Amino acid sequence: MSSKSPRTIQDAFFRRLRPGQDGLGLFDYLPDAWLFITDEQGRFMKASRPLAERLGFAREEDLIGLTDYDMVPRYLADMYARDDRQVMASRRPMVNKTELVTEGDGTVAWHITSKVPLFA
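Note that this is a predicted model, so its numbers are computed, not measured.

Peer 1: Could you give me a rundown of the overall build of the protein chain, with the residues and numbers involved?
Peer 2: A count of helical and extended segments in the protein chain gives 3 helices and 4 strands. For the protein chain, the sequential pattern of α-helices and β-strands runs α-β-β-α-α-β-β. Considering only C-alpha atoms, the protein chain reaches an extent of 55 × 30 × 25 Å along its principal axes. Within the protein chain, the fraction of its 120 residues that count as buried is 25%. In the protein chain, the proportion of contacts linking residues at least 24 apart, taken out of those at least 6 apart, comes to 24%. For the protein chain, the computed accessible surface area is about 8700 Å², with 55% contributed by carbon and sulfur atoms. When the 17 basic and 18 acidic side-chain charges of the protein chain are each reduced to a single mean position, those positions are 9 Å apart.

Peer 1: Help me get a handle on the pattern of salt bridges, residues and values and all.
Peer 2: Using the criterion set out here, one finds 8 salt bridges in the structure. In this structure, Asp84 engages Lys115 in a salt bridge whose closest nitrogen and oxygen atoms are separated by 2.6 Å. Within this pair, whereas Asp84 is found in helix H3 (residues 74–90), its partner Lys115 is found in strand S4 (residues 108–115), the two being separated by 31 residues in sequence. Linked by salt bridges that have partners in common, Arg59, Glu61 and Asp62 make up one network.

Peer 1: I'd love a proper account of the layout of surface pockets, names of residues and values included.
Peer 2: Space inside the largest pocket adds up to approximately 1300 Å³. Every residue lining the largest pocket is counted, 41 residues in all, and those nearest its centre are Phe36, Ile37, Thr38, Asp84 and Lys115. With 6 residues, H3 is the largest single contributor of residues to the lining of the largest pocket. In terms of residue class, the lining of the largest pocket is built from 24 nonpolar, 8 polar and 9 charged.

Peer 1: Tell me about the packing of aromatic side chains, and name the residues and values.
Peer 2: Enumeration over the complete set of coordinates arrives at 1 aromatic pair. Where Phe36 meets Phe44, the ring centres are 5.7 Å apart and the plane angle is 55°; that geometry is what we call tilted. It is Arg49 that lies over the ring of Tyr29; its NZ or CZ is 5.3 Å from the centre. Of note, Arg91 hangs over the ring of Phe119, and the distance from its end group to the ring centre comes to 3.9 Å.

Peer 1: Explain the environment of Leu24 to me, and be specific about the residues and the numbers.
Peer 2: By the secondary structure assignment, Leu24 is in the loop between helix H1 (6–16) and strand S1 (36–38). Separated by 15 residues in sequence, Leu24 and Ile9 have C-alpha atoms that sit 20 Å apart. Once residues lying within four places of it in the same chain are set aside, the contact partners of Leu24 are Leu35, Ile37 and Lys46.

Peer 1: Go over the confidence of the model for the protein chain, please, and point to the residues and values.
Peer 2: Low pLDDT means the predicted atomic positions in that stretch should not be read closely. On average, residues of the protein chain score 90 in pLDDT, and 98% of them are at 70 or above. Averaged pLDDT values over the elements of the protein chain bottom out at 84 in H1 and peak at 96 in H3.

Conventions and cut-offs
- Within any chain, residue numbers begin from 1 and follow the written order of that chain's sequence.
- Selection of residues for local features in this predicted model requires a pLDDT of at least 70, selection of side-chain atom pairs for listing and counting requires 80 or more, and totals for whole chains, interfaces and linings are taken over all residues.
- Excluded from the side-chain calculations are hydrogens and water; all other atoms, namely the structure's heavy atoms, are used.
- For the purposes of this entry, the term helix denotes a DSSP run of H or I that reaches at least four residues, the term strand denotes a run of E that reaches at least two, and both are numbered from the N terminus.
- Think of it in three bands: with a 1.4 Å probe and only protein chains considered, a residue is buried below 20% of the maximum accessible area for its type, exposed above 50%, and partly exposed in between.
- It only takes one pair of heavy atoms within 4.5 Å for two residues to be counted as in contact.
- Per-residue and other accessible areas were derived by the Shrake-Rupley procedure at a 1.4 Å probe size, with only the shown protein chains allowed to occlude residues.
- Asp and Glu count as negative and Lys and Arg as positive, but His and the ends of the chain are not part of the count.
- Note that the charge is assigned to NZ on lysines, CZ on arginines, CG on aspartates and CD on glutamates.
- Think of a salt bridge as a Lys or Arg side-chain nitrogen and an Asp or Glu carboxyl oxygen that are within 4 Å of each other.
- Cavity and pocket criteria rest on a 1 Å grid covering protein atoms alone: a 1.4 Å probe that fits but cannot get out defines a cavity, protein on both sides within 12 Å along at least 5 of 7 lines defines an open pocket, and an atom within 4 Å of a point defines a lining residue.
- Grid points are joined across faces, edges and corners, and a volume is the space filled by probe spheres set on the points.
- Only Asp, Glu, Lys and Arg are considered charged in this grouping, and only Ala, Val, Leu, Ile, Met, Phe, Trp, Tyr, Cys and Pro are considered nonpolar; every other residue, Gly among them, is considered polar.
- Aromatic rings from Phe, Tyr and Trp, with only the six-membered ring used for Trp, were paired whenever their centres fell within 6.5 Å, and each pair was classed as stacked if the ring planes differed by under 30 degrees, edge-to-face if by over 60, and tilted otherwise.
- For a lysine, the NZ atom is tested; for an arginine, the CZ atom; a charge sits over a ring if that atom is within 6 Å of the ring centre and within 35 degrees of the ring normal.
- pLDDT is a per-residue confidence score from the predictor, ranging from 0 to 100.

So, in structure tokens, the structure goes:
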């Protein structure tokens, strides 16, 4: 058995991976699980293909740098931004929250979302 902690072993494994092999690409093949990562200003830095397509973009690259305010009604963007600030300030995940999300046809529907803070 290794004397290294599980975290040390895990960190070493992920450092060895080539760029783009962090496992996030798996979400491109899960049409009902929409992955996204935003920065401190709420700009999209990563989005799964199903999410990009649902928002009307042909490629993830077309979404990078935009914010929720560029794509959804203001009342929804305000709600998402408020939740993002809460998650980052508390440094705790928000898990399985029921919230309104814009559908592909512009209507809104209830969905379950989880947000996890990421830190460098």
